[in-house]
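# An overview of the molecular structure
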Amino acid sequence: MFMEINDLDKIDEYLKSQNEIMLLKFDNKESKYNEYFSSLDLKIINITDKDIISFYEIETLPTVLVYKNRNLLDSIIGFKTKTELIKNILNLIQ
């Protein structure tokens with residue numbers, strides 16, 4: 001499931017209510033990453049709002065934060081190939 005949320009409180013609420021794998025994707029545009037994620041059965045929040053990106057102190061776009069059971073597992077910083085991105089995510093969530 002791919003969602004666009006640009007409200008910090010809603011993002012926080014959503015993260016707190018989930019007990020599963022979730023990805024926060026920070027980007028300044030609709031990117032190819034959106035296509036990459038369509039093959040994954042994960043919840044993904046796409047964040048393009050500059051203020052929220054700044055709040056999370058994201059310096060490089062795109063950045064993906066990987067959460068599991070409300071805990072931050074890791075971040076994937078910068079553009080990766082589809083194979084590399086999917087491999088990184090699958091390694092983190094297994």
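About the thresholds
- Residues numbered from 1 in each chain as written.
- Predicted model: local features only at pLDDT ≥ 70, side-chain atom pairs only at ≥ 80, totals over all residues.
- Heavy atoms only, no water.
- Helix = DSSP H or I, 4+ residues; strand = E, 2+ residues; numbered from the N terminus.
- Expected span 1.5 Å × (residues − 1).
- Buried < 20%, exposed > 50% of the residue type's maximum accessible area, 1.4 Å probe, protein only.
- Arc of directions from axis to C-beta.
- Contact = heavy atoms within 4.5 Å.
- Lys, Arg positive; Asp, Glu negative; His and termini not counted.
- Salt bridge = Lys/Arg side-chain N within 4 Å of Asp/Glu carboxyl O.
- Polar contact = N/O pair within 3.5 Å; in protein donor to acceptor, adjacent residues only side chain to side chain.

### A word on helix α4 (residues 82-93)
- If you check α4, its first and last C-alpha atoms are 17 Å apart, about what 12 residues at 1.5 Å a residue would give, namely 16 Å.
- Of all the residues in α4, the buried ones are Leu-85, Ile-86, Ile-89 and Ile-93. Down the axis, α4 shows its buried residues gathered within 90° of arc, on one side only. Residues of α4 that are exposed and point over 90 degrees away from its buried face: Thr-83, Lys-87 and Asn-91.
- Taken together, the buried residues of α4 touch β2 (21-26), α2 (33-37), β4 (63-68) and β5 (71-77).

### Concerning the side chain of Lys-80
- Secondary-structure assignment places Lys-80 in the loop between β5 and α4.
- Although Lys-80 is buried, it forms no salt bridge, and the closest oppositely charged side chain is Glu-84 at an N-O distance of 4.7 Å.
- Within the structure, Lys-80 has its side chain in polar contact with the backbone oxygen of Ile-77 (distance 3.0 Å).
- Apart from the residues within four sequence positions on either side, Lys-80 is in contact with Tyr-33, Tyr-36 and Leu-85.

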